[in-house]
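Residues per chain, in single letters:
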2 protein chains.
Amino acid sequence: MLSNFRVTAEEMIRSHGGRVTDSRKRILALLLSEKNAITHREIESRFSNDQLDRVTLYRVLQWLVDNGLIHKITSDDHVWRYHANQDAYRHQHAHFKCTKCAKVVCLEDMPSDRKLSLPAGYRFQTIELTVKGLCEHCA
Amino acid sequence: MLSNFRVTAEEMIRSHGGRVTDSRKRILALLLSEKNAITHREIESRFSNDQLDRVTLYRVLQWLVDNGLIHKITSDDHVWRYHANQDAYRHQHAHFKCTKCAKVVCLEDMPSDRKLSLPAGYRFQTIELTVKGLCEHCA
DNA sequence: TTAAAAATGCAACAGTGTTGCAATACAGGT
DNA sequence: ACCTGTATTGCAACACTGTTGCATTTTTAA
Ligand SMILES: [Mn+2]
Ligand SMILES: [Mn+2]
Ligand SMILES: [Zn+2]
Ligand SMILES: [Zn+2]
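Rules used in this analysis
Residues numbered from 1 in each chain as written. Chains lettered and ligands numbered in written order. Predicted model: local features only at pLDDT ≥ 70, side-chain atom pairs only at ≥ 80, totals over all residues. Heavy atoms only, no water. Donors = N, O, S within 2.8 Å, 3.2 Å for Na, K, Ca; no water. Helix = DSSP H or I, 4+ residues; strand = E, 2+ residues; numbered from the N terminus. Buried < 20%, exposed > 50% of the residue type's maximum accessible area, 1.4 Å probe, protein only. Least-squares fit on C-alpha atoms with pLDDT ≥ 70 in both. Near = heavy atom within 4 Å. Polar contact = N/O pair within 3.5 Å; in protein donor to acceptor, adjacent residues only side chain to side chain. Nonpolar A, V, L, I, M, F, W, Y, C, P; charged D, E, K, R; others polar. Pairing = 2+ DSSP bridges. Axes fitted to C-alpha atoms, helices over the stretch in contact; angles between N-to-C directions. Core = buried A, V, L, I, M, F, W, Y, C linked by side-chain atoms within 4.5 Å. Contact = heavy atoms within 4.5 Å. Buried area = accessible area lost by both parts, 1.4 Å probe. Salt bridge = Lys/Arg side-chain N within 4 Å of Asp/Glu carboxyl O.

Student: Whenever I open this one, the coordination of the zinc ion (ligand 3) confuses me. Can you help?
Tutor: In an ideal tetrahedron of four donors about a metal, each angle is 109.5 degrees. In an ideal octahedron of six donors, the angles are 90 or 180 degrees. Residues and elements named next belong to chain A. Around the zinc ion (ligand 3), the protein contributes the donor atoms Cys98 (SG), Cys101 (SG), Cys135 (SG) and Cys138 (SG), which lie 2.2 to 2.5 Å from the metal centre. Of note, the donors binding the zinc ion (ligand 3) are all from one chain and are spaced C-x2-C-x33-C-x2-C. Placement of Cys98 in strand β4 (residues 95-98) and of Cys138 in the segment after β6 (123-134) is noted, with a sequence separation of 40 residues between them. Comparing Cys98 with Cys138, the two get one shared label, buried.

This is how it looks when you write it as structure tokens:
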């Protein structure tokens, strides 16, 4: 099934006018196959055998973010986590982080249309919402 | 007025049963005098003349957090910001971060009546909410 | 096939935060 | 005021994530 993701990945990259390089295909295909958002370190370890330069990985990830093919999530452990932009996850959405195993999952909705009042003169841009708790395995 | 903060700081530390050390007094007094949440680096530079070891600063900040005298806020620049727990900021609250000047302010309320549905089996603990936008000076 | 442009690999670096340990300061009892 | 056990400090070294510069390789389009 990973070859399916490779085909999808290649189409996504090509459709954004970027050069279709081997690293981009492999990394995006991997992210498409991952259910949860994962760290740079975790991506590296998925490629343990095939060589993958860590700087290239950082640069490819940023390229994928800049081109809207994946998104990255900040966290209180100060490590970025990356997740493919499939279907439900294109628009703004909230995230859940397990305080025990550190797993991060994208929640489908951002329940944010409630008015939160900013101080006078402040301009709203986006909202970042992370729910913390225990996941199914850790609860 | 900073001497006022020093007295308050000393009382707060003593009431928590901790040893009243010079570093704790100075650092907490500074945080009490600061309107916004600031970084370790910013705290250091406020003490530019008086010597203040950076490791001690980290350790004092963590002690103050652990004893509920201050709280710390994570951010997408992956740097902690610290703020005293005065009045309105004892309970859970949301934060605002300016995307231009990186200023972080505590908002007074956490609009928490949002029903965000977690996947089955997940257990809720806390919510972290950061509004991003432009502050009064940068708007 | 060729050449310009973009991406890669490597080494070195930067910033934030942590750890181990010896020296020092605090608090409580005398 | 002095002693003493213990918490805290200061310093050096370290860990980790992420970045930068630059020479080499790969991609694409003519
Ligand atoms: Mn997400
Ligand atoms: Mn706050
Ligand atoms: Zn978990
Ligand atoms: Zn601003």
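Student: Hey, could you run me through the coordination of the zinc ion (ligand 4) in this one?
Tutor: All names here are of chain B. Within the protein, the zinc ion (ligand 4) binds to Cys98 (SG), Cys101 (SG), Cys135 (SG) and Cys138 (SG); these donor distances fall in the range 2.2 to 2.5 Å. Written as a sequence motif, the donor arrangement for the zinc ion (ligand 4) is C-x2-C-x33-C-x2-C. Judged by its relative accessible area of 1%, Cys98 falls in the buried class. Its relative accessible area of 41% is what places Cys101 among the partly exposed residues.

Student: I would appreciate a short explanation of the relation of the copies chain A and chain B in the present structure.
Tutor: Put simply, the second copy of the chain is the first one after a rotation about an axis and a shift along it. Under the fitted operation, chain A is carried onto chain B by 0.0 Å of movement along the axis and a turn of 180°, and the coordinates agree to an RMSD of 0.0 Å. Here the two chains are linked by the operation of a two-fold rotation axis.

Student: What is the right way to look at unusual backbone geometry in this model?
Tutor: Most peptide bonds take the trans form, and the phi angle of most residues other than glycine is negative. The backbone phi angle of His78(A) is positive, close to 65°, even though this residue is not glycine. Its place among the elements puts His78(A) in the loop between β2 (70-73) and β3 (81-84).

Student: Explain the protein's contact with DNA strand C to me, please; I cannot follow it from the model alone.
Tutor: Lining the immediate environment of DNA strand C, one finds 20 residues, of which Arg24(A), Thr56(A), Arg59(A), Arg41(B) and Arg54(B) sit closest. Measuring from a sugar or linking oxygen of DNA strand C, one finds a side-chain N or O atom of Arg19(A) at 3.1 Å. Of all the secondary structure elements, the ones that give two or more residues to the surface near DNA strand C are α2 (22-33) and α4 (54-66) of chain A together with α3 (40-46) and α4 (54-66) of chain B. Residues that form the surface near DNA strand C fall into these classes: 7 nonpolar, 5 polar and 8 charged.

Student: Is there a simple way to explain the sheet that holds strand β4 (residues 95-98) of chain B in this structure?
Tutor: The strands making up a sheet are joined through hydrogen bonds of the backbone, oriented either antiparallel or parallel. As summarised here, the arrangement of the 6 strands in space is β5(A)-β4(A)-β6(A)-β6(B)-β4(B)-β5(B), forming an open sheet in which the pairing is mixed. Each edge of the open sheet is held by one strand with a lone partner, namely β5 (104-106) of chain A together with β5 (104-106) of chain B. Shown here is a sheet whose adjacent strand axes are inclined to one another by a mean of 25°, direction ignored. Examined bridge by bridge, β6(A) and strand β6 (residues 123-134) of chain B share 11 bridges and lie antiparallel to one another. Directly across from Lys132(A), in β6(B), lies its bridge partner Thr126(B).

Student: I keep staring at the protein's contact with DNA strand D and nothing clicks. Help me out?
Tutor: In the vicinity of DNA strand D, 20 residues are found, and the nearest of them are Arg19(A), Arg41(A), Arg54(A), Arg24(B) and Arg59(B). Close to the protein, within 4 Å, the atoms of DNA strand D belong to sugar or phosphate groups at a rate of 56%. Here Arg59(A) contributes a side-chain N or O atom positioned 3.2 Å from a base oxygen of DNA strand D. Arg24(B) has a polar side-chain atom sitting 2.5 Å from a phosphate oxygen of DNA strand D. For the surface near DNA strand D, a count of residues per class yields 7 nonpolar, 5 polar and 8 charged.

Student: How do you make sense of the sheet that holds strand β1 (residues 38-39) of chain B when you look at a structure like this?
Tutor: Residue and element names in this part refer to chain B. Across the sheet, 3 strands lie side by side as β1-β3-β2; this open sheet has antiparallel pairing. Every interior strand has two partners, whereas the edge strands, β1 and β2 (70-73), have only one. Of the pairings in the sheet, the one linking β1 to strand β3 (residues 81-84) comprises 2 bridges and is antiparallel in character. Residue pairing across strands places Thr39 opposite Arg81, the latter belonging to β3.

Student: Mind showing me how you'd approach the nonpolar core here?
Tutor: Across soluble globular proteins, nonpolar side chains have a tendency to be buried as a group. Within the largest apolar cluster, 28 residues are counted, with the highest numbers of intra-cluster contacts made by Phe96(A), Leu129(A), Val131(A), Phe96(B), Leu107(B), Leu129(B) and Val131(B). Of all the secondary structure elements, the ones that give two or more residues to this core are β4 and β6 of chain A together with β4 and β6 of chain B.

Student: How should the interface of chain A and chain B be read in this particular structure?
Tutor: Contacts between chain A and chain B engage 37 residues on the former and 38 residues on the latter. When chain A packs against chain B, close to 3,300 Å² is buried across both sides, 56% of that on carbon and sulfur atoms. Broken down residue by residue, the surface that chain A buries against chain B is led by His78(A), Tyr122(A) and Glu128(A), which jointly contribute 20%. Residues Lys132(A) and Glu128(B) are paired through a salt bridge, measuring 2.9 Å at the closest nitrogen-oxygen approach. Linking chain A with chain B are 15 residue pairs in polar contact (both at pLDDT 80 or more). Top contributing element to the side of chain A that touches chain B by residue count: β6(A), with 12 residues.

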